[in-house]
Structure formats: structure tokens, C-alpha cells
Amino acid sequence: MGHVFQLLIYGLQLGSLYALLAMGYTLVFGIIRMINLAHADLMMLGAFAAYFLFQWFGGTGSMAILVPLIMIATLLFGAGVGFVIERFAYKPLRGRTTVASLVAAIGVQLFIENLMRCLPGVGALPKNFPTLLPKVNINIGGYQISSVQIIVIAIAALLLLFMQRLCYHTGFGKQMQAVSVDKDASSLMGINVNRVISITFSLGAALAAICGILYGSLYPTIYVYMAGTIGNKAFISAVIGGIGSIKGAMLGGLIIGIMEVFLQSFAASISYGLCFVILILVLLYKPTGLLGGKAAREKV
Amino acid sequence: MKTVRKIFKPEYFIFLLIYLVIVGLNKMGLINAYLFQVITIAGINVIMTISLNLVIGITGQFSMGHAGFMSIGAYISAIVSRLAFQVLERTALTDNLILLAAVVAGGIIAAVFGFIIAMPTLKVKGDYLAIVTLGFGEIIRAVWRVVDYTGGALGFSGIPKLTNFTWVFIILLIAIYASRNFIKSSFGRSCLAVRENDIAAEAMGVNCRNYKVLAFVFAAFMAGVAGGLYAHLIQFIQPDNFSAAKSTDYIVYLYAGGVGTISGSIFGAVVLTILPELLRFLNDWRLVIYALLLLYIIIWKPYGLFGGREFKFLNLETIEATDSKLRKWIRRRLRRKKEEAKS
């Protein structure tokens, strides 16, 4: 029983990472109906940004000030990269077929990964992520919980709550919803559609960059190609929860995270494949996802 | 004279010439064994790209798991040849016969899986289909990782070297002709109609579901055959050889050459297989160039580097010709429907 509880905590930490990433997929898909395959690469960029920031400024000042600063810098960096990608790779393709933007996303993914690999100082070899968050093991009734886990889960939960409020309780959130329903009509209502799309993209990218720091803190090996499988699983979480729904992304992330940890404890080699089996089953029997409701919106 | 021209089409001579030049240069030592191997792999990649073109370019269904079909073909054919050589001795005759049998068996099993994967495509479209096919490729890879008979994650080694350039060239020609005739046939026209607008096609009485399945099965068969050739050329296959990155490679070849055209597929696959060998001095940067090339093509050159043209000698239809013929075909079909409705 204790074993199960321990696994549950691991599942929770992995699930909160997936939920953060899935949020980005959901935001972008919700607003321009596009699967941003390069989304997880922003997580990799975020992790590397934090890694280099810490290398350059690591010795200066106390950790209590430095770490939040690094986080904010990474967040801004992620938002900036997201903005640039949207502006130069995806915006010219708006109005073309979904397949075109999908191929563009593949192109961006290849570009980011291979450019990072070529850059001096990065390379293909894995890097050790610095310990940014304080690591203290806490013993609760015989179970080991590290403070890193608690901080990561707390940050993820805070960000998710923030997004939930932003999307459903602010003017900007209303604009996002309007654009996602009908771009032409929203533009007639005086909403600057391009600006809303750019900001949404940057938001998703910033979440992914923060996710990179959290990932690095939990699993301290980062490498250029780490995005592939994580990105796919996060996307699966978004679809399972109901793509376009923010609560769905959280639920999906937790389900996939917990399921993966449990599967990995007895059938490691097939757990990745099984995620896809679940995805296909969900798409076949409830294409709108668990929390997607009955919305019969055209999904092309 | 006309019949003579019908039997001896100029394209035959050009194909023969290409074959003789490559083999001749190899015999003369101007193409070393390594480059010859690269050219053979380019041939296999062309088969794969033509097969992917049938799904993406002709039927308009985005598939990101084409390496999955290839891996099925590769593994099944390797198993067939292993079983066969346990009974038979290796001679020139059995080598070729068994290669043919193994490759066809691989293709058939891949086609069966193509049928299975086509089922979900009836329900999901566009981006979702891309993810389902990606998932299919990953599931297949996960399965090969746990099958002990084929060496699991370590890979399947000791496959006899049966594939040679001649075989690849012959099968490549068959693939070109098969897909050319497919596009010109009623099946191909229906697939094109599905690509252009599946709701309109359905309204005209094209059974979208059947044609999507047909395209997937046909393409999967070709991919399986290509996988079989690949396995017997490289002599060692591993589940990770057929990862999502491999599928992405073929998508890049297809879009670089020009999606929707056979000549574009040939051009893209050949150039992008041989180019990296010539760009060795750039090391990892060539992958960055690849990515930029892909982005450039998708944003500014929707018809690819080959510009939607076709090799003249292949006697293929250009995109415009296909479009106008498709329109005629649709009009004929509408007229027939009207007449049926009247009577």
C-alpha cells in the first residue's frame, strides 16, 4: 500500500508537468486549430535557458533571489521565442490547409532541435541540470516526499489556476474565446485577432519554458532531443482531457502521468505505446475527450 | 509506326539508360561501393516517398506513421527469409526467389495493417489523423521492442544480403507505373476528389471511406515492400530505425520535391538522400539547413522544389492537367447521376 502511495506522488509530479505542457497544446489548438508539434521543444529551450543563466550568474547573490529571477527570465525568453515562431513560421500559413501548418510545425521542431545541437556549448550530450530548488526530504508517516516535488506541484497548480482565471474571468480571456469560435466575427467586433493569437501563443510558450525548469529540477538530465516523447504524451493528455478545455488538460495530464508511473513499475517497455492505444480508443469512442462535453464543433 | 512507338516508348530507353549508366559507372569504379549503396537506399526512399504521396498527396490524408508500415515489411520479410533459408540452400536462384517472396509477404502483411489503421481514419480527420498515425507507428515500434524472436530492442541481425540495385530499380519502376496508373484510374480520380473536398465528393456518390481505406492499403503495401528491400540491404534492423523521425524524413522528402506529383517525390527523395553525403563537411549543420529548407518550401513554395512539374519522359500528368481532368471526370459523373435520376 505504501508503495502505491509513493507511486501516486511520482505520478502527480509527472502529471503536473504534462498538464502544464498540455495547457499549451490546448491553448494553441483551441485558438487556431493547429497542433503545435514544436511546443515541447520550447520546454527544452526553457530548460537550457535556465541551465545557461545559472552557469553565468550562479555564483552571484543568494539562491532565494536568483532562482525566481531565473524563472522570470526563462518565462520571458519562452514567451519571446513563442512570439517569434508564431510570427515567422505559422502566421504566413494562416488560411492554408491544416496539413501545411502541421508540416511547418515539423519544420520548426527540426530547426530548434538541430540548431541547439549545433550551437557551441550545447551539443548532443546530456547535461546535468543544476539544483535550483532546495532539496530537503520530508518524512510523512513513513513516506518520502522531497521538497522539490512539493514546490514543483505547487508551482504547476498555481500556474494552472492562473490560466483558468485568465481564460474564463478576464476581458482578454473573453477575447480568446471569441476568436476561437469565429475569427471573422470577432474581428468585426473590434478584437485585434492577430494580437490575441500572438499573445495566446506566447502564453503557451512561457508555460512550456517554465515546465522546462520544473522538469529539469525533477529529472536532472536535459538533452536536445528530450522533447519528443514528453511532447507526445502531453499532447495525448490534452486530447484525452478534451482539447480546447483547460480543466481537461489538467485532468488528462494527471491521468497520463499517474498511469505512466504505474505502468512503468511493471511494464516499462510498452508504457509509451500504451499511451497511444489509450489515445486512439478515446478518439474513436469520445473524440471530444473526457471533459469536452457534447460540443459537436467541426474538427477538421 | 504507331504500334512501334507504343511498344518502344522513349521512357523505356531513358530508364534503361539510367540503369546502365549507374551500373556501368559502378563497374568502372567511378562510383565506389559506398556511394552505390547510398544510391540503392535512395531508390528505396523513392519507393517510400511515392507511397506516402499516394496517401498525403493524392488522397489528402496526413500520415505520420509511414515508417511503421516500413518496419512491418522489414521484419516480416526478414522472418520469411530466415525461415526459408533454414530449409533451402543459398544459390543465385533461391536468393532471388526468396527475396521476391519475402518482400511480397512483407508488403501483404503491411497492407493488412494498413487496412486496420485505415479504420480509425474513417472517424478522425486532419490533425487528429496525423496523431493517430503517429501513434500507430509508435505502437508498432513498442511491439517490436518486446518480441523476442526478432531480437527485441537489440535488433534483428544476420539478415542475408539479397537486395541489389537491380531489384530496387525494378521494383521502383513498378511503383512508378502502378501509382501513375492509379492516379489515372477511376479509383485515383475518386481519391483526388476526396482530397479536394470530401463532403462534396461524398455528395457526388464517391464513397470516401472506401477510397481512404484503398489508398492506405495500397500505400502500406508499397511501404512494406520498401521495408523488405531495406532489411535485406542493410542486413540489420532495429525498432528504433523506424521511429517517428524516419516518418518525418519521408514527409520532408515529399514536401521538398513537391507534394502531389510523382516526379516531385522521385526528385525530393533522390536529392535529399544523396545531398547529405555530399554535404558531409557541414556535419550537424546540414540538419539545420534541412529544417530551414522545409520551412521555406512550405511557406513560399507550396509546389515544392520541382515546382509541380513532371519529368517529360515519364508521360505523367502535371497538376494542372490532373485538375482539369478531374473537373471533367466530375462533370461526367454528375451527368451520369442526373441521367440515373431521370430514368
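All values reported here derive from a predicted model rather than from experimental measurement.

(A) The overall build of chain A, seen in detail. Helix and strand content of chain A: 11 helices and four strands. Here the C-alpha atoms of chain A give a radius of gyration of 19 Å, agreeing with the 19 Å that 2.2 N^0.38 yields for 300 residues. Counting only C-alpha atoms and orienting by the principal axes, one finds that chain A spans roughly 55 × 45 × 35 Å. By the burial criterion, 50% of the 300 residues in chain A qualify as buried. Within chain A, contacts between residues at least 6 apart in sequence are counted, and of these 77% link residues at least 24 apart.

(B) How the structure looks around the overall build of chain B. The helix and strand inventory of chain B stands at 14 helices and zero strands. Ordered by position from N to C terminus, the α and β elements of chain B give α-α-α-α-α-α-α-α-α-α-α-α-α-α. Taken over C-alpha atoms, the radius of gyration comes to 21 Å for chain B, in line with the 20 Å a tight globule of 343 residues would show. Here the C-alpha coordinates of chain B stretch approximately 65 × 50 × 45 Å along the principal axes. Split into buried and exposed, the 343 residues of chain B put 47% on the buried side. Of the contacts formed within chain B by residues at least 6 apart in sequence, a portion of 83% connects residues at least 24 apart.

(C) Looking closely at the UniProt feature "transmembrane region" (unreviewed entry) in chain A. All names here are of chain A. The sites that UniProt annotates as "transmembrane region" (unreviewed entry) are residues 12–32, 39–57, 63–85, 97–116, 136–162, 196–215, 235–259 and 266–285. Taken end to end, residues 63–85 is 100% helix and 0% strand, and its two terminal C-alpha atoms sit 32 Å from one another. Across residues 97–116, the secondary structure splits into 95% helix and 0% strand, with the terminal C-alpha atoms separated by 29 Å.

(D) How the structure looks around the interface of chain B and chain A. The interface of chain B with chain A comprises 32 residues on the first partner and 33 residues on the second. Looking at the side of chain B that touches chain A element by element, the count peaks at 13 residues for helix H6 (residues 126–146) of chain B. In terms of residue class, the side of chain B that touches chain A is made up of 23 nonpolar, three polar and six charged.

(E) Expanded view of the packing of helix H2 (residues 39–57) of chain A against helix H9 (residues 227–241) of chain A. Residue and element names in this part refer to chain A. For the pair H2 and H9, interaxial distance at closest approach is 8 Å and the crossing angle is 130 degrees. Between H2 and H9, the crossing angle belongs to the class labelled oblique. Here the hand of the crossing between H2 and H9 comes out right-handed. Residues His39, Ala40, Asp41, Met43 and Met44 of H2 pack against Ala227, Ile230, Gly231 and Ala234 of H9. Partitioned by chemical class, the residues of the contact of H2 with H9 number six nonpolar, two polar and one charged.

(F) Local environment of the nonpolar core. The biggest cluster of nonpolar side chains holds 205 residues, and the ones touching the most others in it are A:Leu21, A:Met23, A:Met43, A:Ala209, B:Ile47 and B:Leu294. Examining the composition of this core, we find that 16 residues originate from one element, helix H10 (residues 208–234) of chain B, more than from any other. Setting aside residues up to four positions removed in sequence, A:Ala209 forms contacts with A:Leu42, A:Met43, A:Leu45, A:Gly46, A:Ala49, A:Thr74, A:Leu75, A:Phe77 and A:Gly78.

(G) Examining the packing of helix H3 (residues 63–90) of chain A against helix H8 (residues 193–218) of chain A more closely. All names here are of chain A. Where H3 meets H8, the axes come as close as 7 Å, and the angle between the chain directions of the two elements is 135 degrees. Relative to H8, H3 is oriented oblique. H3 and H8 meet at a crossing whose hand is right-handed. Between H3, through Met71, Thr74, Leu75, Phe77, Gly78, Ala79, Val81, Gly82, Phe83 and Glu86, and H8, the contact on the second element is made entirely by Ser198, Phe201, Ser202, Gly204, Ala205, Ala206, Ala208, Ala209, Ile210 and Ile213. The residue makeup of the contact of H3 with H8, split by class, is 13 nonpolar, six polar and one charged.

(H) Structural view of the pairing of strand S2 (residues 137–140) of chain A. All names here are of chain A. The pairing of S2 with strand S3 (residues 143–146) spans four bridges and is antiparallel. Pairing of Ile138 across the sheet is with Ile145, part of S3. With antiparallel pairing between neighbouring strands as the criterion, S2 and S3 make up a hairpin whose turn holds two residues, including Gly141 at a positive phi of roughly 55 degrees.

(I) Molecular detail of H2(A). Over its 19 residues, H2(A) extends 27 Å from the first C-alpha to the last, a length consistent with the 27 Å expected when each residue adds 1.5 Å. Summarising burial for H2(A): 15 of the 19 residues are buried, a large majority.

(J) Structural context of the environment of A:Ala89. Locating A:Ala89 in the fold gives a position in helix H3. Each C-alpha atom of the pair A:Ala89 and A:Val148 lies 36 Å from the other, and the pair is 59 residues apart in sequence. Excluding its chain neighbours within four sequence positions, the residues that come into contact with A:Ala89 are A:Ala104, A:Val108 and B:Leu295.

(K) Geometry of the environment of B:Val270. Residues and elements named next belong to chain B. Position of Val270 relative to the elements: it lies in helix H12 (residues 262–278). For Val270, a count of 18 C-beta atoms within 10 Å puts it in the partly exposed group. For the pair Val270 and Ile297, spaced 27 residues apart in sequence, the C-alpha separation works out to 17 Å. When sequence neighbours within four positions are dropped, the list of residues in contact with Val270 reads Ala42 and Val46.

(L) Geometry of H6(B). Relative to the 30 Å expected for 21 residues at 1.5 Å per residue, H6(B) spans 31 Å between its end C-alpha atoms, a close match to the ideal helical length. Judged by how many residues are buried, H6(B) sits mostly within the fold: 17 of 21 residues are covered.

(M) Here's a closer look at unusual backbone geometry. Notably, A:Arg33 is not glycine yet its phi reads approximately 55 degrees, a positive angle. If you trace the backbone, A:Arg33 turns up in the loop between helix H1 (2–32) and H2. Phi angles above zero are rare outside glycine, and B:Gln235 is one such case at about 70 degrees.

(N) Just the environment of A:Tyr215, in detail. Residue and element names in this part refer to chain A. Structurally, the position occupied by Tyr215 is in helix H8. Look at Tyr215 and you get buried, because 26 C-beta atoms sit within 10 Å. With 39 residues separating them along the chain, Tyr215 and Met176 place their C-alpha atoms 28 Å apart. If we ignore the near neighbours within four places in the chain, the residues touching Tyr215 are Leu17, Met43 and Ala47.

(O) Geometry of the confidence of the model for chain A. Taken residue by residue, chain A gives an average pLDDT of 86. The fraction at 70 or more is 95%. Across chain A, the secondary-structure element scoring lowest on mean pLDDT is S2(A), at 78, and the one scoring highest is H8(A), at 92.

(P) Structural view of the confidence of the model for chain B. Looking at chain B as a whole, its pLDDT mean stands at 86, while 95% of the residues score no less than 70. Here the predicted complex carries an ipTM of 0.83, next to a pTM of 0.85.

Calculation notes
Residues numbered from 1 in each chain as written. Chains lettered and ligands numbered in written order. Predicted model: local features only at pLDDT ≥ 70, side-chain atom pairs only at ≥ 80, totals over all residues. Helix = DSSP H or I, 4+ residues; strand = E, 2+ residues; numbered from the N terminus. Rg over C-alpha atoms; globule rule 2.2 N^0.38 Å. Buried ≥ 20, exposed ≤ 12 C-beta atoms within 10 Å, placed from the backbone. Contact = placed C-beta atoms within 7 Å. UniProt positions renumbered as here; feature names shortened; annotations may be inferred. Nonpolar A, V, L, I, M, F, W, Y, C, P; charged D, E, K, R; others polar. Axes fitted to C-alpha atoms, helices over the stretch in contact; angles between N-to-C directions. Parallel < 35°, antiparallel > 145°, perpendicular 65-115°, else oblique. Left-handed = near helix turned anticlockwise from the far one by under 90°. Core = buried A, V, L, I, M, F, W, Y, C linked by C-beta atoms within 7 Å. Pairing = 2+ DSSP bridges. Expected span 1.5 Å × (residues − 1). pLDDT = per-residue confidence, 0-100.

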